Amino acid sequence: MFPLRQRQRQPEIMDQPGLPPAEHDRALTGLARINFFSRSANILWPALIDLARDRPRLRVLDVATGAGDLPLRLWQRARRHGLDWQVAGCDISPQAVEHAEQRAHQAGATVSFFVHDVLAGPPLPPADAVTCSLFLHHLAEDDARALLRRLARPDDPEGPAVVLVNDLERSWPGLLLAHVGTRLLTRSRVVHFDGPCSVESAFTLGEAQRLAERAGLSGVRVTRRWPCRWLLEWRRPT
Ligand SMILES: C[S@@+](CC[C@H](N)C(=O)[O-])C[C@H]1O[C@@H](n2cnc3c(N)ncnc32)[C@H](O)[C@@H]1O
C-alpha cells in the first residue's frame, strides 16, 4: 500500500551475468548520459578539490565504476585546474572495465581501470579518496554495511582520507524522475527497468546515515543533492 515506505530490492538487469554485451554497452552509455545530465561529477568535486589542497597528486579510486565516466570527468576537471591526479576505477564486470578503458582511451585520458569484486575480493589498493556512485542501493543491509567498511577501512590508518558515496534517494519525486528521465535520456530497456527499481531499493538519507554509523564511520554526514540523490561524506579523523 505504501510501496516506498520500505526498501523493495529486486535484482537489476545490469547485474545479471548473461546480459548480451551489446545491451550491456547500451545500458552503460545510457547511465553515463544520465550522470552527465544529473551533473554527478559536481556532487563529488568539492570534497575532492578540498582534499587536494594538501595532496596535489591526489589518488582517487572509483568503485563499481560502470562506464567509468565519473572518474574520467573528475580527471578532466582536475587537468583543467592544472592538477595531475591519479584516477582509477574498478568494477566486477570485465565488460564494464573494457567499456571504461575505451572511453578513457578515446578521451586521451590516463585513467586506469581494473576488474575487482569490492565485496568478496582482496582489499582495495591505496587511495586518498574513494568514491562510489549508484551502487549501495544494489545491496542488502549487511552487504551495504560491509561495503562501507571496505571503502573506508576505519580501523586502518593506511585507509583513505575521504570516502564519498553518492546514491539515489527513495522518494516519490525520485521514482517519477527515474521513470521519465530514463525514457527521455536513453533507449536502453535495461536502464528503463533498472532506474525505477533502483529508486525503490534505495536508502533514504536517514537510513544511509544510520547504516554508515553502524559500519563504524563515525562523524559521517549525509546530505541531499540534486536531482533526488544524496551524498555520504566520511573523513578520517586526524
Ligand atoms: C548501477 S551501476 C553504477 C555505475 C557507476 N558507478 C555510475 O554511477 O554510473 C553499478 C555497477 O556496480 C558494478 N558491481 C556490481 N557488483 C559489484 C561488486 N561486487 N564489486 C564491484 N562492482 C560491482 C556493476 O557491474 C555495475 O557496473
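Quick notes on the rules
- Residue indices follow the written sequence of each chain, beginning from 1 at its first position.
- Where totals are concerned, whole chains, interfaces and linings use all residues; where local detail is concerned, this predicted model gives features only for residues with pLDDT of at least 70, and gives and counts side-chain atom pairs only at 80 or more.
- Only heavy atoms go into the side-chain values, all of them from the structure, while hydrogens and water stay out.
- Elements are defined by DSSP. Helices are runs of H or I of four residues or more, strands are runs of E of two residues or more, and each kind is numbered from the N terminus.
- Just to be clear, the radius of gyration here is over C-alpha atoms, and the globule rule we use is 2.2 Å times residues to the power 0.38.
- With a 1.4 Å probe rolled over the protein chains alone, any residue whose accessible area is under 20% of its type maximum counts as buried; one over 50% counts as exposed, and the rest are partly exposed.
- A pair of strands counts as paired when DSSP detects no fewer than two bridges linking them.
- Here an angle of 0 to 180 degrees is reported between the N-to-C directions of two axes, which are lines fitted to C-alpha atoms, with helices fitted over the stretch in contact.
- Contact definition: two residues touch when any of their heavy atoms are within 4.5 Å.
- Whether a residue is near a molecule or strand depends on its heavy atoms: if one lies within 4 Å, it is near.
- A 3.5 Å cut-off defines polar contacts: any pair of N or O atoms within that distance qualifies, except that in protein one atom must be a possible hydrogen donor and the other a possible acceptor, and neighbouring residues in sequence count only when both atoms are side-chain atoms.
- Each accessible area value is a Shrake-Rupley result obtained with a 1.4 Å probe; residue values ignore everything except the protein chains displayed when judging cover.
- Each residue gets one label: Ala, Val, Leu, Ile, Met, Phe, Trp, Tyr, Cys and Pro are nonpolar, Asp, Glu, Lys and Arg are charged, and the others, such as Gly, are polar.
- Between 30 and 60 degrees the pair is tilted, below 30 it is stacked and above 60 it is edge-to-face, where a pair is any two Phe, Tyr or Trp rings, Trp via its six-membered ring, whose centres lie within 6.5 Å.
- Two thresholds decide whether a charge sits over a ring: the Lys NZ or Arg CZ must be within 6 Å of the ring centre and within 35 degrees of the ring normal.
- Put simply, angles under 35 degrees are roughly parallel, angles over 145 are roughly antiparallel, angles from 65 to 115 are roughly perpendicular, and the rest are oblique.
- The handedness criterion is simple: a crossing whose near helix is rotated anticlockwise from the far helix by less than a right angle is left-handed, and one whose near helix is rotated clockwise is right-handed.
- We call a set of buried Ala, Val, Leu, Ile, Met, Phe, Trp, Tyr and Cys residues a nonpolar core when their side-chain atoms join them within 4.5 Å.
- Viewed with both strands pointing away, a crossover whose connecting path from the first strand over the helix to the second turns clockwise is right-handed.

(A) Structural context of the overall build of the chain. Of the regular secondary structure elements, the chain holds eight helices and seven strands. The globule rule puts the C-alpha radius of gyration for 238 residues at 18 Å, and the 17 Å found for the chain is close to it. For the C-alpha atoms alone, the extent of the chain along its principal axes is close to 50 × 40 × 30 Å. Within the span of the chain, comprising 238 residues, buried residues form 55% of the whole.

(B) Highlighting the sheet that holds strand β3 (residues 112–115). Strand order in the open sheet formed by seven strands is β3-β2-β1-β4-β5-β7-β6, and the pairing between neighbours is mixed. Edge positions in the sheet fall to β3 and β6 (221–225), since each of these pairs with one other strand and no more. Between one strand axis and the next, the sheet turns by 20° as a mean value, whatever way the strands run. Pairing of strand β2 (residues 86–91) with β3, which is carried by four bridges, proceeds in the parallel orientation. The residue of β3 that forms the bridge with Cys90 is Phe114. Strands β1 (59–63), β2, β3 and β4 (129–133) of the sheet are contacted by helix α3 (residues 69–80), whose axis makes an angle of about 175° with β2.

(C) Seen up close, the environment of His99. As for its position among the elements, His99 is in helix α4 (residues 94–107). Classification of His99 by relative accessible area gives buried; the value is 10%. Distance from His99 to Val163, taken between C-alpha atoms, is 25 Å for residues 64 residues apart in sequence. Sequence-distant contacts of His99, that is, excluding residues within four places in its chain, are made with Asp25, Leu28, Thr29 and Ala67.

(D) Broad picture of the site of the ligand. Near the ligand, the surroundings consist of 16 residues, among which Asn35, Ala64, Asp91, Asp117 and Ser133 are the closest. In this structure, a nitrogen atom belonging to the ligand sits 3.2 Å away from a main-chain N or O atom of Ile92. Between Ser133 and the ligand, the recorded distance is 2.8 Å, taken from a backbone N or O atom to a nitrogen atom. Out of a free accessible area of 600 Å², the ligand has 94% covered by protein chains. Residue composition of the shell around the ligand, by class: six nonpolar, seven polar and three charged.

(E) Main features of the packing of aromatic side chains. In this structure the tally under the stated criterion is two aromatic pairs. Relative to Phe37, the ring of Phe36 lies with its centre 5.3 Å away and its plane at 85°, an arrangement referred to as edge-to-face. Its guanidinium or amino end placed over the ring of Phe203, Arg7 lies 3.8 Å from that ring's centre, counting from NZ or CZ.

(F) Fine view of the packing of helix α6 (residues 172–185) against helix α7 (residues 189–200). Contact pair α6 / α7: the axes reach a minimum separation of 9 Å and the direction vectors enclose 165°. By the angle class used here, α6 and α7 are roughly antiparallel. As α6 runs across α7, the sense of the crossing is right-handed. Residues Gly174, Leu175, Ala178, His179, Thr182 and Arg183 of α6 lie in contact with α7, whose contacting residues are Val191, His192, Gly195, Pro196, Val199 and Glu200. Looking at the contact of α6 with α7 residue by residue, the classes come out as five nonpolar, five polar and two charged.

(G) Geometry of the environment of His137. Relative to the helices and strands, His137 resides in the loop between β4 and α5 (141–152). Placed 64 residues apart in sequence, His137 and Ser201 show a C-alpha to C-alpha distance of 5.7 Å. Apart from the residues lying within four places of it in its own chain, the contact partners of His137 are Arg7, Glu12, Asp167, Leu168, Ser198, Ser201, Ala202 and Phe203. Separated by 3.0 Å, the side chains of His137 and Glu12 make a polar contact.

(H) Expanded view of the nonpolar core. Membership of the largest hydrophobic core comes to 31 residues, with the highest contact counts inside it found for Val63, Leu136, Leu148, Leu151, Val165 and Trp230. By residue number, the principal contributor to this core is α5, which donates five residues. Residues Ala47, Leu72, Val87 and Ala161 belong to the second largest nonpolar core, which totals 29 residues.

(I) Just the pairing of β4, in detail. Taking burial as the measure, the five residues of β4 include five buried ones, the bulk of the element. Because side chains alternate across β4, one face comprises the buried residues Ala129, Thr131 and Ser133, and the other comprises Val130 and Cys132, equally buried. As paired elements, β1 and β4 share four bridges and run parallel to each other. For Asp62, the partnering residue across the bridge sits in β4 and is Thr131. Two strands pair when backbone bridges link them, and β4 and strand β5 (residues 162–168) are joined in this way by five bridges, in the parallel orientation. Considered in β5, the bridge of Ala129 is made with Val162. For the segment spanning β4, α5 and β5, crossover handedness is right-handed.

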